[in-house]
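Examination of the molecular architecture
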Amino acid sequence: MTNSPFTPGIVPARLDGHVLQENFSDLHAPLDAHEALVAADRCYFCHDAPCITACPTSIDIPLFIRQISTGTPEAAAKTIFDQNILGGMCARVCPTETLCEQACVREAAEGKPVEIGRLQRHATDTLMAQGVHPYSRAVATGKRVAVVGAGPAGLACAHRLAMHGHDVDLFDARPKGGGLNEYGIATYKATDGFAGAELEWLMQIGGITLHKGRALGRDLSLDALCAEYDAVFLGMGLGGVNALRAAGEDRDGVLDAVDFIADLRQADDLANLPVGRNVVVIGGGMTAIDAAVQSKLLGAENVTVLYRRARAAMPASRYEQDLAASKGVRFIFNAMPVAILGNGVVTGVRVEYTRAEGRSLVGTGETFDIPADQLLKAIGQTLTGAPDALALEGGKIAVSGAGRTSASGVWAGGDCAAGGEDLTVTAVAQGRDAAEDIHASLMG
């Protein structure tokens, strides 16, 4: 090992290869068959189950857990996939602690919910490992639909449209499909190339053609798509990153956290990925947590997350915050960067404490400096290149009903569409529901 956590600057190979491999192994080991039966046995199989209501895709959770308990995990997987075709990834990345598991009756009674997420993974992994796709296409309708964006929303939409017998051309700007599942998820949450494997499994439905390296606005126009296809679904996510609006933001060592995570996800050898000795992450969402934890796992000596509001307002769940803290990440709340220090290269961050005044956030005037050779911005993304024909709401594509935009024959869902939470499972629900609405419109 040529470097260590104490090597100054932004350098690769801070840790030995075997340590990196262990650091980025599966966050939660999968349940074996016996463990799954024991976990399933804790479910009360509620008739009016609050966990179903808490699931954005409305999976019948008591049913699939009962199917596991009766030794039929493949049937359980089918119950999951009927509602959420990306149930395998969602089992890994969903914030179940604030969704279905928080609503679990066991959580309310005992403070320990049924392990719904791990049970969902057990079921979906069991079926997918058989290499069988549980769905077949309906009779071809002769209709053609363009889906822009091969992320969770686009994939869910494309699969449901293909099931109904429509032909789908799926376009994505990147070299690989999968969207945030491929490029934006912490490596330890989706190991062993799962995003790519899930994509290949989903494509077994047939009727979907994936066109990579094709971006809306650069290679495709909405007008041309509308002229060529019977319907268009937009699920291209958010391409821009909000500005920090702090002096020195252009210094070397300032990176977008989403790009940092994408580079890590696509790295053939984690030892080749450079990381700073002192890393500061700006933001309070899941991207900030994922970037901070992975910086620490790569060997950074000090990793600090700065969040401008109080802990209670932090978008990342307390579970994720505690996970980061357990890895050695430090949190500073009610603090915002006002200047990036250094002469061309980042050497530190000047931070000002904040306080709330009604709905506004103001600086207190009290500042302090934090050493930093790498600063990662995780302060939200913005929609770029939205077609002029579409009405916007809050900087995103305005939608009504099941994703209908202001343009006839055009639907949208996922992060690029207004409304809803920025979650993989929510994007899946929006893509699925838009597909049903598109199908009804085409066949009406």
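So, a few notes on the structure that sits alongside this text. (Residues numbered from 1 in each chain as written. Predicted model: local features only at pLDDT ≥ 70, side-chain atom pairs only at ≥ 80, totals over all residues. Heavy atoms only, no water.)

1. Section: the side chain of D415
Convention followed: Per the convention used, a helix needs a DSSP run of H or I reaching at least four residues, while a strand needs a run of E reaching at least two, with both numbered from the N terminus. For the exposure calls, accessible area comes from a 1.4 Å probe over protein chains only, and a residue counts as buried if that area is under 20% of its type's maximum, exposed if over 50%, partly exposed in between. The convention is simple: Lys and Arg are positive, Asp and Glu are negative, and His and the chain ends are not counted. The salt bridge criterion pairs a side-chain nitrogen of Lys or Arg with a carboxyl oxygen of Asp or Glu, the two atoms within 4 Å.
When you line up the elements, D415 lands in the loop between strand 19 (410–412) and helix 17 (424–443). Of the side chains bearing the opposite charge, K396 lies closest to the buried D415, which forms no salt bridge; the N-O distance is 5.5 Å.

2. Some words on helix 2 (residues 33–40)
As a reminder of what qualifies: The arc under discussion is defined with respect to the helix axis, by the directions toward the C-beta atoms. By the convention used here, residues are in contact when the closest approach between their heavy atoms is within 4.5 Å. Counted as a polar contact is a pair of N or O atoms within 3.5 Å, where, for protein atoms, one must be capable of donating a hydrogen and the other of accepting one, and residues adjacent in sequence contribute only when both atoms are in side chains.
For helix 2, the full list of buried residues reads A36, A39 and A40. Buried residues of helix 2 fall within an arc of 95° about the axis and therefore sit on the same side. Along its buried surface, helix 2 packs onto helix 4 (61–69) and helix 9 (116–128). The N-cap of helix 2, judged by a side-chain oxygen 3.1 Å from the amide nitrogen of H34 a few residues on, is D32.

3. Quick notes on helix 10 (residues 152–163)
An α-helical turn contains 3.6 residues, so a residue and the one three or four places further along point in the same direction. The following threshold applies: Helix span, expected: 1.5 Å multiplied by one less than the number of residues in the helix.
The terminal C-alpha atoms of helix 10 lie 17 Å apart, and with 12 residues this matches the ideal 16 Å at 1.5 Å per residue to within 8%. Most of helix 10 sits inside the fold, with 11 of its 12 residues counted as buried. Listing the buried residues of helix 10 in full gives P152, A153, G154, L155, A156, C157, A158, H159, R160, L161 and A162. Of the residues one or two after helix 10, G165 is the one with positive phi, at around 95°.

4. Topic: the nonpolar core
For the record, the criterion: In these notes, a set of buried Ala, Val, Leu, Ile, Met, Phe, Trp, Tyr and Cys residues joined through side-chain atoms within 4.5 Å is what counts as a nonpolar core.
With 65 residues, the main nonpolar core has I61, F64, I65, L119, V147 and I438 as its most contacted residues. For I65, the residues in contact, after removing those within four places along its chain, are A40, C43, F45, V114, I116 and L119. Ranked by size, the runner-up nonpolar core spans 35 residues in total, among them V281, A292, A300 and Y307.

5. Considerations on the sheet that holds strand 14 (residues 360–371)
This is how it is decided: The criterion for strand pairing is that DSSP finds at least two bridges linking the strands in question. Here the axes come from fitting lines to C-alpha atoms, over the contacting stretch only for helices, and the angles between their N-to-C directions go from 0 to 180 degrees.
With antiparallel pairing, three strands are arranged side by side in an open sheet as 12-13-14. The strands lining the two open edges of the sheet, one partner per strand, are strand 12 (335–342) and strand 14. On average, each strand axis in the sheet is inclined to that of its neighbour by 25°, with strand direction left out of account. Pairing of strand 12 with strand 13 (residues 346–357) involves seven bridges; the strand directions are antiparallel. Bridging across to strand 13, I340 finds its partner in V349.

6. As for the pattern of salt bridges
Taken as a whole and assessed by the stated rule, the structure comprises 24 salt bridges. Between E249 and K377 there is a salt bridge, with the nearest N and O atoms lying 2.8 Å from each other. With E249 in the loop between strand 6 (240–241) and strand 7 (254–256) and K377 in strand 15 (residues 374–377), the pair connects residues that are 128 residues apart, well separated along the chain. Each member of the pair, E249 as well as K377, is classed as buried. Residue D437 is joined to R404 by a salt bridge in which the shortest nitrogen-to-oxygen separation is 2.6 Å. You can see D437 sitting in helix 17 and its partner R404 sitting in the loop between strand 18 (396–397) and strand 19, a full 33 residues away along the chain. On the accessibility criterion, D437 (18% relative accessible area) is buried. The class of R404 is partly exposed, set by a relative accessible area of 40%. A single network of salt bridges, built from pairs that share partners, joins D26, R92, R121 and D125.

7. With respect to the packing of aromatic side chains
How we decide: Aromatic contacts are taken between Phe, Tyr and Trp rings whose centres are within 6.5 Å, Trp giving its six-membered ring; a plane angle under 30 degrees counts as stacked, one over 60 as edge-to-face, and the others as tilted.
Per the counting criterion, the structure on display carries four aromatic pairs. When the centroid spacing of 6.5 Å and the interplanar angle of 85° are considered together, the rings of F171 and Y229 count as edge-to-face. Placement of F171 in strand 3 (residues 167–172) and of Y229 in the loop between helix 13 (222–228) and strand 5 (231–234) is noted, with a sequence separation of 58 residues between them. Y229 carries the same exposure label as F171, and that label is buried.

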